[in-house]
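Here is what each chain is made of, one letter per residue.
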Amino acid sequence: MSTMVIDGKPATARSGKTVEIRDPATGDLVDNVPQAGVDETRQAIDAAHTAFRAWADTLPAKRAQILMKGAALARQHLDEVALLLTREQGKPLRDSKIEAERFVENIEFYASLSASGAIRGKHVQLSVPGAFGLVVRRPLGVVGAIIPWNFPLTLLANKIAPALAVGNTVVAKPASTTPLSTIRLVELMNEGGLPPGVLNVVVGPGAVVGQELIKNPKVRKIGFTGETQTGKQVMAEAASDLKHVTLELGGSDPAIVCDDADLEQASKAIAIGRFFNAGQACLAVKRVYVFDSVADQLIEKLTARAKKLKVAPGSDASSQMGPMHTAGGRETIEAQLKDAVDRGARILAGGKRLRGEPFDGGFFFEPTIITDVPWEARVWREETFGPLLPIARVKDLEEALEKANDSEFGLGSSIFTRDLKRAQVGIDRLDAGYTWVNTIQVAYDELPFGGTKHSGFGKEHGVEVLDFYTEQKSAVVVGV
Ligand code: NAD
């Protein structure tokens, strides 16, 4: 049985309660994990609180050295971690490996910033003779990192890497269905030399563990990724203690395909953008607006790609798309599809559960493409968190932008065109935290990432994330 990690040591739950982790491809039991209550969450917070001062005072280069050692250890265990991730989450093994590698790279990126002295304050000349000002960056204290199940490792790294690099301590809370790979990485980071209490992991329901993190006054920052509804609740509750929050929430990313686009390139990027991780990505192409004159060609290419995708359990080396993560997630996609079809939409590819061996024990759903979808359909308004792609025809860029922005979400977006002017207009006018031009929706360590509107606020990645894990303090110095 895996255990939690509190104060550098393996930890179980006093209640003796455990959470069953099941494989979404088969329903088989993978492992049991202790289920924390308020007591264990407080222990982890207390440990992080006690560890904070010494970690914050550790020289940045030394912090970097320790983080690099943890990252190196994690790199030696990529296959083991990837297998855990596939078994608990469902994604294809090669995607799990990429995700585990991204975890390591993210830790290395922020450790390098810390080691190189790139994390800086400012010196400010004041309008008083003999005085100067300093803007000093200080870590915030204990950070609660609340993570969803779709990319457990990437989203863990997005929070702990910058947080630890600048001297905060962390209590991580993975989703209850995907704690195993997180626990293993936290163990390895601790083995790498993090002092006890600097990085802890507790497993348990959001309503218990998550709530304690949000309400406990010793926690000064919540880094949250999850659904928009949960995020709103997190923000309201964190407000009573004036905690810092970063909210990375839901999305419904539009892709615009202009009549001058390279349609081969566009169809490839959109198919990956929609079907990667069985469509369960925040940054996923969830709506397509294509110019009428090239719509038939694009639809044909996308439909062919969807039909060709190899759907299989993640542990099958040939799998390109695994099962959905939960029965509930699949039912939601089915309900959104039915709503569209009932209103007149046409299914061009997929639309059904996969049956027979090896699918019956898992939550598989075919890569699905629909068109002629009326504007009132749920798929245009709601987040579709599964392999379902609606395509709409538009007459020009103006109509495409209007429809793309007609959403409460504003996470990612993309535009495919060879015309630089159109690309510029897209970048200027798409209401989103990110716009990709002629390429796949991938987040880079070097660029800040985060949503607008109901997709949240605050940034992860880039040097910009450091503003969300430090506070800036002014000092005035006068020579005596
Ligand atoms: P979720 O909101 O149900 O859960 C996310 C995390 O919050 C889990 O650890 C959960 O246990 C915890 N939680 C739930 N209720 C809580 C509460 N009341 N108080 C404190 N914590 C609580 O989200 P999910 O279904 O796990 O993830 C899918 C969602 O996440 C999608 O909407 C997706 O778009 C979004 N997401 C966003 C990003 C981004 O970067 N913007 C990235 C990945 C996923």
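Structure shown above.
Analysis parameters
- Residues numbered from 1 in each chain as written.
- Predicted model: local features only at pLDDT ≥ 70, side-chain atom pairs only at ≥ 80, totals over all residues.
- Heavy atoms only, no water.
- Core = buried A, V, L, I, M, F, W, Y, C linked by side-chain atoms within 4.5 Å.
- Buried < 20%, exposed > 50% of the residue type's maximum accessible area, 1.4 Å probe, protein only.
- Helix = DSSP H or I, 4+ residues; strand = E, 2+ residues; numbered from the N terminus.
- Pairing = 2+ DSSP bridges.
- Axes fitted to C-alpha atoms, helices over the stretch in contact; angles between N-to-C directions.
- Expected span 1.5 Å × (residues − 1).
- Contact = heavy atoms within 4.5 Å.
- Near = heavy atom within 4 Å.
- Polar contact = N/O pair within 3.5 Å; in protein donor to acceptor, adjacent residues only side chain to side chain.
- Areas by Shrake-Rupley, 256 points an atom, 1.4 Å probe, with all protein chains shown as cover.
- Patch = residues over 30% accessible without salt bridge, like charges linked within 9 Å, V, L, I, M, F, W, Y side chains within 5 Å.
- Salt bridge = Lys/Arg side-chain N within 4 Å of Asp/Glu carboxyl O.
- Parallel < 35°, antiparallel > 145°, perpendicular 65-115°, else oblique.
- Left-handed = near helix turned anticlockwise from the far one by under 90°.
- Nonpolar A, V, L, I, M, F, W, Y, C, P; charged D, E, K, R; others polar.
- Right-handed = clockwise from strand over helix to strand, strands pointing away.

### A few points about the nonpolar core
Inside soluble globular proteins, nonpolar side chains tend to come together where they are buried.
Phase 1: In this structure, Phe-103, Leu-164, Leu-194 and Ile-222 are the most contacted members of the largest nonpolar core, which totals 77 residues.
Phase 2: When residues of this core are assigned to their parent elements, the largest contribution, nine residues, is made by helix α5 (residues 152-165).
Phase 3: Ala-25, Ala-255, Ala-306 and Ala-349 belong to the second-largest nonpolar core, a separate cluster that totals 55 residues.

### What to know about the sheet that holds strand β22 (residues 470-478)
The pairing of strands in a sheet happens through backbone hydrogen bonds and is either parallel or antiparallel.
Phase 1: The sheet built from three strands is open, its strands ordered β5-β6-β22 with antiparallel pairing. Unpaired on one side and paired on the other, β5 (122-125) and β22 mark the two borders of the sheet. Taking each pair of neighbouring strands and ignoring which way they run, the sheet shows an average axis angle of 25°.
Phase 2: With nine bridges connecting them, strand β6 (residues 131-139) and β22 associate as antiparallel partners. Paired with Ala-131 across the bridge in β22 is Val-478.

### A few points about helix α11 (residues 327-342)
Phase 1: Taking 1.5 Å of rise per residue, 16 residues should cover 22 Å, and α11 covers 22 Å from first to last C-alpha, within 8% of that figure.
Phase 2: Turning to α11, its buried residues are Arg-330, Ile-333, Gln-336, Leu-337, Asp-339 and Ala-340.
Phase 3: Along its buried surface, α11 packs onto β14 (346-349), β15 (368-371), α12 (378-381) and β16 (388-394).
Phase 4: In the stretch just after α11, Gly-344 is the one whose phi turns positive, near 120°.

### Brief notes about the site of the ligand
Phase 1: Of all residues adjacent to the ligand, which total 28 residues, the nearest are Ile-147, Thr-230, Leu-249, Cys-282 and Glu-383.
Phase 2: Between the ligand and Lys-173 there is a distance of 2.9 Å, counted from an oxygen atom to a side-chain nitrogen or oxygen.
Phase 3: Taking Thr-230, its side chain carries an N or O atom lying 2.7 Å from an oxygen atom of the ligand.
Phase 4: Coverage of the ligand by the protein amounts to 89% of the 850 Å² it exposes when considered alone.
Phase 5: When residues of the shell around the ligand are traced back to their parent elements, those giving at least two are α7 (206-215), β10 (219-225) and α8 (228-239).

### Thoughts on a nonpolar patch on the surface
Phase 1: A surface patch of nonpolar side chains, about 260 Å² in accessible area, is lined by Val-442, Tyr-444 and Leu-447.
Phase 2: Residue Leu-447 is classed as partly exposed on the basis of its relative accessible area, which comes to 43%.

### Examining the packing of helix α2 (residues 60-76) against helix α6 (residues 180-191)
Phase 1: At their nearest, the axes of α2 and α6 sit 7 Å apart, and the two run at 130° to each other. The orientation of α2 relative to α6 falls into the category oblique. In terms of crossing hand, the pair formed by α2 and α6 is right-handed. In contact with Leu-67, Gly-70, Ala-71, Leu-73 and Ala-74 of α2, α6 contributes Leu-185, Leu-188, Met-189 and Glu-191.
Phase 2: Of the residues assigned to the contact of α2 with α6, the class counts are seven nonpolar, one polar and one charged.

### Considering the pairing of strand β7 (residues 142-146)
Phase 1: In terms of burial, β7 is a largely internal element, five of the five residues being buried.
Phase 2: Judged by which residues are buried, β7 turns out to be covered on both faces: Val-142, Gly-144 and Ile-146 on one side and Val-143 and Ala-145 on the other are all buried.
Phase 3: Looking at chain direction, β7 and strand β8 (residues 169-173) are connected through five bridges and run parallel. Bridging across to β8, Ala-145 finds its partner in Ala-172.
Phase 4: For the crossover that starts at β7, traverses α5 and ends in the parallel β8, the hand is right-handed.
Phase 5: Pairing of β7 with β10 involves five bridges; the strand directions are parallel. Each bridged residue has a counterpart across the sheet, and for Val-143 the counterpart in β10 is Lys-221.

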